[in-house]
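Structural features, examined
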Amino acid sequence: MKKCPCIIRIDIFISSILLLVMFFCGCSSKNSTEVSVYYTSETGEYIHNALKLSTDDAYELPVETLEQAEEKGKIILSLADGGSSGAIRFMVDSFNCENEKYHIERNVYANEELNEKREKLKIELATGKGPDLMTYSAMPYVYEIMDKGCFVDLVPLMKQSEITDDLYFPSYKAITYKDFVYGLSPSGTAVGRAISKDVIGGKEIPSYEVFVDAVLNYSKDAVFINDTQKSEKILEYFLEGSENLWGMIDWENGVCDFHGELFSKILDIVKRYSEARNKGYKPIAKNVWLTPGSDSRIEQYEKDGFVIVNFWFDDGNFPMNTISNETLMINANTQNIEGAWAFISYCLSERGQSYNIGSPVKKSVYDLIFEDYRALYDSEKEADKFYPRSQIEDYKHKLETGKYVPYKINPIINIIEEEAGAYWSGSKSKEDVIDIIQNRVSVFLKE
């Protein structure tokens, strides 16, 4: 027997109503941020090779089960995590074994239900429910709802735990809104970008406008990064680092102007390099990771004829921080803000940072971890082959100078991407597309 269409769609209708409640009413909390401090930035000693690498017991750490925690009378907090990899699982286990009052119960979303679980979590947050904590991998939609009071502002808690910017790489403050900090990350990642020196005519980094002209008018056939890069990703490279889109947006007066020559050139760049895909052309740009132990060194990019220009921001060229999937947020409706903060502050403490798999965000731990990696080899020569100190320093500099792209332009870039595709595909003229973008962004700014 066929189901009535109205019954089939009722779940979607309810979801829509709940989301409307979230956006109009928000999901504010009355939780106090005055808590007992369990961990500061300096709490505990660093544990050398905490994961027991290169031993028969690698990654096998003591574990406290939920049943054991309940027997001890611990307060149980829930953590939603969208991925089973990374260091969070080790930080959870070590925290549970060390903290006498709180236990973190980690709920990992299976791959086949990841999107469904994320949507459900967004609705739960809107209606005053959900887990005590969550990772960015479980809630990547944070930017859609972070101004609705769904997350705890961590700034007052950071002050109590003496977690300050001078002790950490910039990537540790992963999710911010105005003067609030909603997400902190225990690990950091930054990516640079290199361009062929043939494109810019040498090793000197030109001005942004000259760079745009050089990429647009490059004399050889080429793709931008590779044959699979989407048009939107090319566009974002040229726009996302500027909070006012290189003067196209006037936030104070709520007006915009997309009829200038610069925007027209950027649309043409995307069209040109998108149409060049799948023709066997060489790329003019490369991502620069430099991760010690796995990626190429700076010298290799130079040898291949590339110049590192990184990403274009309003105040200069910098590597771009990428939000770690392990970034932690606290639900504004938790009844255990003290325990939730105890866990996050543990992850950022000297002790908790010992369990990083990638690059720790605490500057003092960064050097210690990579020295531990080098110590796994039988000789200095072998260590230099896989973890050369020059590369460790180069990557450290990248983390020290990395910046997140400004979040506030995301809705405008989304509008541009939605409309510009008609020009890139040839279904509309560039002039028509620019007019549509101008009108849509104007309405957005007025609203």
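Use the structure listed above.
Quick notes on the rules
Residues numbered from 1 in each chain as written. Predicted model: local features only at pLDDT ≥ 70, side-chain atom pairs only at ≥ 80, totals over all residues. Heavy atoms only, no water. Helix = DSSP H or I, 4+ residues; strand = E, 2+ residues; numbered from the N terminus. Buried < 20%, exposed > 50% of the residue type's maximum accessible area, 1.4 Å probe, protein only. Lys, Arg positive; Asp, Glu negative; His and termini not counted. Salt bridge = Lys/Arg side-chain N within 4 Å of Asp/Glu carboxyl O. Contact = heavy atoms within 4.5 Å. Core = buried A, V, L, I, M, F, W, Y, C linked by side-chain atoms within 4.5 Å. Expected span 1.5 Å × (residues − 1). Pairing = 2+ DSSP bridges. Disulfide = S-S within 2.5 Å. Axes fitted to C-alpha atoms, helices over the stretch in contact; angles between N-to-C directions. Left-handed = near helix turned anticlockwise from the far one by under 90°. Nonpolar A, V, L, I, M, F, W, Y, C, P; charged D, E, K, R; others polar. Patch = residues over 30% accessible without salt bridge, like charges linked within 9 Å, V, L, I, M, F, W, Y side chains within 5 Å. Areas by Shrake-Rupley, 256 points an atom, 1.4 Å probe, with all protein chains shown as cover. Charge placed at Lys NZ, Arg CZ, Asp CG, Glu CD. Phe/Tyr/Trp six-rings, centres within 6.5 Å; stacked < 30°, edge-to-face > 60°. Lys NZ or Arg CZ within 6 Å of the ring centre and 35° of its normal.

Moving on to the side chain of Glu417. Among the structural elements, Glu417 can be located in helix α17 (residues 410-425). Lys233 provides the closest opposite charge to the buried, salt-bridge-free Glu417, at an N-O distance of 6.8 Å. With residues up to four places along the chain from it excluded, the contact list for Glu417 reads Glu232, Leu235 and Glu236.

Moving on, we come to the nonpolar core. By size, the foremost hydrophobic cluster in this structure holds 56 residues, and its most contacted members are Leu133, Leu184, Ile330, Trp341 and Phe343. Counting residues in hydrophobic clusters, the runner-up holds 53 residues, among them Val212, Val270, Val309 and Val441.

A rise of 1.5 Å per residue sets the reference length of helix α5 (residues 114-126), with its 13 residues, at 18 Å; its end C-alpha atoms lie 19 Å apart and thus fit the reference within 8%. Burial in α5 covers these residues: Leu114, Arg118, Leu121, Lys122, Ile123, Leu125 and Ala126.

Bridging between strand β4 (residues 173-177) and strand β5 (residues 180-184) involves four bridges; their strand directions are antiparallel. Considered in β5, the bridge of Ile175 is made with Gly183. Following β4, the chain reverses through two residues before pairing antiparallel with β5; Lys178 in that reversal takes a positive phi of roughly 55 degrees.

So, about the state of the cysteines. Using the criterion set out here, one finds zero disulfides in the structure. Note on Cys97: no disulfide assigned, nearest cysteine sulfur contributed by Cys347 at a separation of 14 Å.

Next up on the list: the packing of helix α9 (residues 208-216) against helix α11 (residues 261-275). Between α9 and α11, whose axes approach to 9 Å, the crossing angle comes to 35 degrees. Crossing angle aside, the handedness with which α9 passes α11 is left-handed. Seen from α9, the contacting residues are Tyr208, Val212, Asp213, Val215 and Leu216; seen from α11, they are Leu262, Lys265, Ile266, Asp268, Ile269, Arg272 and Tyr273. In terms of residue class, the contact of α9 with α11 is built from eight nonpolar, no polar and four charged.

Looking now at the environment of Ser161. Its place among the elements puts Ser161 in the loop between α7 (155-160) and β4. The buried category is assigned to Ser161, whose relative accessible area is 0%. Distance in space between the C-alpha atoms of Ser161 and Ala342 is 9.5 Å, their sequence separation being 181 residues. Residues within four places of Ser161 in sequence aside, it is in contact with Val37, Tyr39, Thr40, Ser41, Trp341 and Ser345.

All right, on to a negative patch on the surface then. Taken together, the side chains of Glu67, Glu70, Glu71 and Glu105 define an acidic patch exposed on the protein surface. Residue position: Glu105 is located in strand β2 (residues 102-108). Look at Glu105 and you get partly exposed, because its relative accessible area is 31%.

With that settled, consider the packing of aromatic side chains. The geometry of an aromatic ring pair comes down to the distance between the two centres and the angle between the two planes. Under the counting rule described, the total for this entry stands at 31 aromatic pairs. Judged by centre distance (4.1 Å) and plane angle (20 degrees), the rings of Tyr208 and Trp246 are stacked. A residue pair is termed long-range when its members are at least 10 positions apart, and Tyr208 in helix α9 and Trp246 in the loop between α10 (231-239) and β7 (249-250) qualify at 38 residues. Exposure remark for Tyr208: the relative accessible area of 5% places this residue in the buried category. An aromatic cluster is defined as three or more aromatic residues linked by ring pairs; in this entry it consists of Tyr208, Phe211, Phe224, Tyr237, Phe238, Trp246, Tyr273, Phe311 and Trp312. Over the aromatic face of Tyr141 sits the side chain of Lys122, whose NZ or CZ is 4.6 Å from the ring centroid. Against the face of Tyr423 rests Lys271, its NZ or CZ located 5.0 Å from the ring centre.

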